[in-house]
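Spelled out, the chains give:
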Amino acid sequence: MKPIKIKIDAPIVHKTDCLTLFCPEEAAPGSALKEIDKKLNGALSQAYKSKRFEGKTNQTLWLDTLGNIKSKAILLIGVGPIKEIGAEKLRQAGGTSVNQIEKNKSTSISFVLPSLTGGKKNSSKLKSEDIACAIAEGALLGLYRFEEYKSKDKKTKNKNWTLEDLSLLTDAANQTVARKAAQKAQKIADAVFTTRDLIAHPGNRATPTFLAQTAKKIARSHQFSCKILGRKEMEKLGMGALLGVSQGSNEPPALIVMEYKGGPKKQAPVVIVGKGITFDTGGISLKPSANMGEMKMDMSGGAATIGAMQAVASLKLPINVVGLVPAAENMPSGTAIKPGDILTSMSGKTIEVLNTDAEGRLVLADALTFSARYKPRAVIDLATLTGACVVALGHQACALLGNDEDLIQQLIASGESSGERAWNLPLWEEHEKEVKSDIADLKNITAPNVGAGTITAAAFLKAFVGDVPWAHLDIAGVAWEQSKPYIPKGPSGFGVRLLINYLENIA
Ligand code: BES
Ligand code: MG
Ligand code: ZN
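Anyway, here's the lowdown on the structure attached to this text.

## Things to note about the coordination of the magnesium ion (ligand 2)
Alright, step 1. Within the protein, Asp280 (OD), Asp357 (O), Asp357 (OD) and Glu359 (OE) serve as the donor atoms for the magnesium ion (ligand 2), at 2.1 to 2.2 Å.
Alright, step 2. Taken together, the six donor atoms coordinating the magnesium ion (ligand 2) and their angles of 71 to 170° define a geometry best described as irregular.
Alright, step 3. Written as a sequence motif, the donor arrangement for the magnesium ion (ligand 2) is D-x76-D-x1-E.
Alright, step 4. Separation of the magnesium ion (ligand 2) from the zinc ion (ligand 3) amounts to 3.1 Å, with Asp280 serving as a shared donor to the pair. Of this pair, Asp280 sits in strand 10 (residues 276-280) while Asp357 sits in the loop between strand 13 (350-352) and helix 11 (360-371), and the two are 77 residues apart along the sequence.
Alright, step 5. On the accessibility criterion, Asp357 (22% relative accessible area) is partly exposed.

This is the structure:
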C-alpha cells in the first residue's frame, strides 16, 4: 500500500487527475468550494440548481475543468444532510471516490478535506482529525484487491489501472492533524487487509498451521508475543473439545496465543477470542455441497483477532490485550467425532456432540476456559457461528450477546462509530436450559423446534465464561459481504475496526 500524501495546496492551484469534493445536501460548500465554483463559471452551483447533483449520500458527479483550474477533473461526492454526517458517511464517500476513479482510470486523486460547518446551527460534531481519518480509511479500504492466485499474465492483463498518488489537501494550520489522521487510517487499513487476506486464502493454504505462522510473523514485525500450542500441549491442558473437532483432519490444530502489553504490568487485559475453523465441511454431519466452498471463511473471527492485535500494536494503544485463536479443520473421516460422542472440555464439563457441524462452539469452549488464566477485565469472542444469524440479521449487523450490560453498550457504540454495527439479542436462563444434555453436562445443539439458533449457541458458550464480563459477536452474516462502497467483493475484515474503536475508548 502506498502511503497517503499530505499536501498543503489551495484546491484551485492543485494539480491532480481527480479533485474530490465532499458535498452535503445543503450545498453550503464553504469557502474552498465557492472559490472553485467561481473559477468554473458556476458549474458547481448550476449542478445543484439543475438537480443533476443534490448531495445525496454516495451520489457522484464528474465535472471537467477545461483548464479553468489546474486539476483535470472534479469529482463531487454527496454526503447527505450536514446534520447526519458522521464518520461512516465520510468513510463511504472515500470508498465511493476510489471506485469512481478506477472506472475512469485516473491515476491520481486528491481529497479536499471538508470543514463541514454549514452555519452554526447545522454543524457536524466531527473533529477535523476524525474527518480526515474517515475519508482516508474509506479510500484505502476501498482499494483492497486480492490477486495472489491469478497467474502472472492474467494479472498484468487486468492491471490497466494503477493509482499512483492518493493525497489529502490541507492548509498549513491543519497539516499535523491531517498527517496523524492519515497515518492512523493507514495502520487500520493495513490490519484490515491482513484479516481480509487470511480469509480470502483457500482452505488448502490457510490451514491452522498457516494461521499460526502468519500470526507469528505479524507478532514479530509489530513487537508483541505469540506462542502456539499444539496437540501435545492441548492434551496436557485437557482441551478435549478443541481436539475433538480437529481429530477428523490430517491438519494439526493450533491454539494461537498473542499477548500485547501496552498498559501497566498489572493491568487486567481484554481477551479477544476468534473462531479459527479453517474449513468447515460439517464433519460427519456433512454440509450440502452447494456453496460449501464459502466455508473457507469460517476462520473470519480468528483472522479478525489477528488483525486487531496487529492494529493495537501498530497504534501502540496503552492497554493490555490478549488474542486467542483456536484453529482446526472440521473434516469427516474414520477418525472424526460422530454424533452422540461425548467430549470432556478443559473446564471439566462434558459435551454430548449431537451435530458435528456445530463445531465452532466446541473450539471456542476450550479457548474461553483458557482465557480465564489471564483474569481478564473483559472477554470478547468473534465467530461465524450460526446460519441462523444470517436469517435473523442479514448482512448489515453482527449479533451481539453477553452477560454484562456495560460491555454490550460499549460495543454497540463502537459498532455505530466504526460502521461495523452490532445488534443486541437476549440471552435468558430459558435458553441456557436448552443446551443441557440428558447424559452429559451440555449438548452442542438443541432439540428440534426450539429455534433461536444464534441465542442458544451463545447460551452454550456462556457455560464456559464464568462471571467475567463477556460478549459474543456472531459475524456469520457480515464476514463476507460487499455491503458498502469501501468493501470490495470478498471478505470484509469485519471486527477489526469495531474492536479498535472499543479498545481506544477504554484505554
Ligand atoms: N460455520 C457455520 C455457520 C455459518 C453458516 C457461518 C453460514 C457462515 C455462514 C457453523 O459451524 C455451523 O455449521 N452452524 C450450524 C449449527 C447447527 C448445526 C446448530 C448452522 O448454523 O447450521
Ligand atoms: Mg459447522
Ligand atoms: Zn463452522
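The structure having been displayed, the exposition proceeds.
## Section: unusual backbone geometry
Alright, step 1. In the Ramachandran plot, Asn58 falls in the positive-phi region, its phi being about 65° despite a non-glycine side chain.
Alright, step 2. Its location among the elements puts Asn58 in the loop between helix 2 (43-49) and strand 3 (60-64).
Alright, step 3. Phi at Gln223 is positive, roughly 60°, even though this residue is not glycine.
Alright, step 4. Topologically, Gln223 is positioned in the loop between helix 7 (208-222) and strand 7 (225-229).
Alright, step 5. Gln223 gets classed as exposed once you look at its relative accessible area, which sits at 70%.

## Brief notes about the side chain of Thr281
Alright, step 1. When you line up the elements, Thr281 lands in the loop between strand 10 and helix 10 (300-314).
Alright, step 2. Reaching out from Thr281, the side chain makes a polar contact with the backbone oxygen of Asn330 at a distance of 2.6 Å.
Alright, step 3. For Thr281, the contacting residues outside a window of four places in its chain are Leu286, Lys287, Met292, Asn330, Met331 and Pro332.

## Remarks on the site of ligand 1
Alright, step 1. Neighbouring ligand 1 are 16 residues; Lys287, Asp298, Asp357, Glu359 and Gly387 lie closest to it.
Alright, step 2. Take Asp357: an N or O atom from its side chain is 2.8 Å from an oxygen atom of ligand 1.
Alright, step 3. In the model, a nitrogen atom of ligand 1 is placed 3.4 Å from a nitrogen or oxygen of the Leu385 main chain.
Alright, step 4. In isolation ligand 1 offers 520 Å² of accessible surface; the protein chains occlude 77% of this area.
Alright, step 5. Its residues assigned to classes, the shell around ligand 1 shows five nonpolar, four polar and seven charged.

## Observations concerning the sheet that holds strand 3
Alright, step 1. As summarised here, the arrangement of the six strands in space is 1-6-5-2-4-3, forming an open sheet in which the pairing is mixed. Edge positions in the sheet fall to strand 1 (5-8) and strand 3, since each of these pairs with one other strand and no more. Direction aside, the axes of adjacent strands within the sheet are offset by 25° on average.
Alright, step 2. For strand 3 and strand 4 (residues 73-78), the ladder comprises five bridges, and the chain directions are antiparallel. For Trp62, the partnering residue across the bridge sits in strand 4 and is Leu75.
Alright, step 3. Strands strand 1 and strand 6 (165-170) of the sheet are contacted by helix 6 (residues 175-200), whose axis makes an angle of about 165° with strand 1.

The rules behind each value
- Residues numbered from 1 in each chain as written.
- Chains lettered and ligands numbered in written order.
- Predicted model: local features only at pLDDT ≥ 70, side-chain atom pairs only at ≥ 80, totals over all residues.
- Heavy atoms only, no water.
- Donors = N, O, S within 2.8 Å, 3.2 Å for Na, K, Ca; no water.
- Tetrahedral: all angles 85-135°; square planar, octahedral: opposite > 155°, others 65-115°.
- Helix = DSSP H or I, 4+ residues; strand = E, 2+ residues; numbered from the N terminus.
- Buried < 20%, exposed > 50% of the residue type's maximum accessible area, 1.4 Å probe, protein only.
- Polar contact = N/O pair within 3.5 Å; in protein donor to acceptor, adjacent residues only side chain to side chain.
- Contact = heavy atoms within 4.5 Å.
- Near = heavy atom within 4 Å.
- Areas by Shrake-Rupley, 256 points an atom, 1.4 Å probe, with all protein chains shown as cover.
- Nonpolar A, V, L, I, M, F, W, Y, C, P; charged D, E, K, R; others polar.
- Pairing = 2+ DSSP bridges.
- Axes fitted to C-alpha atoms, helices over the stretch in contact; angles between N-to-C directions.

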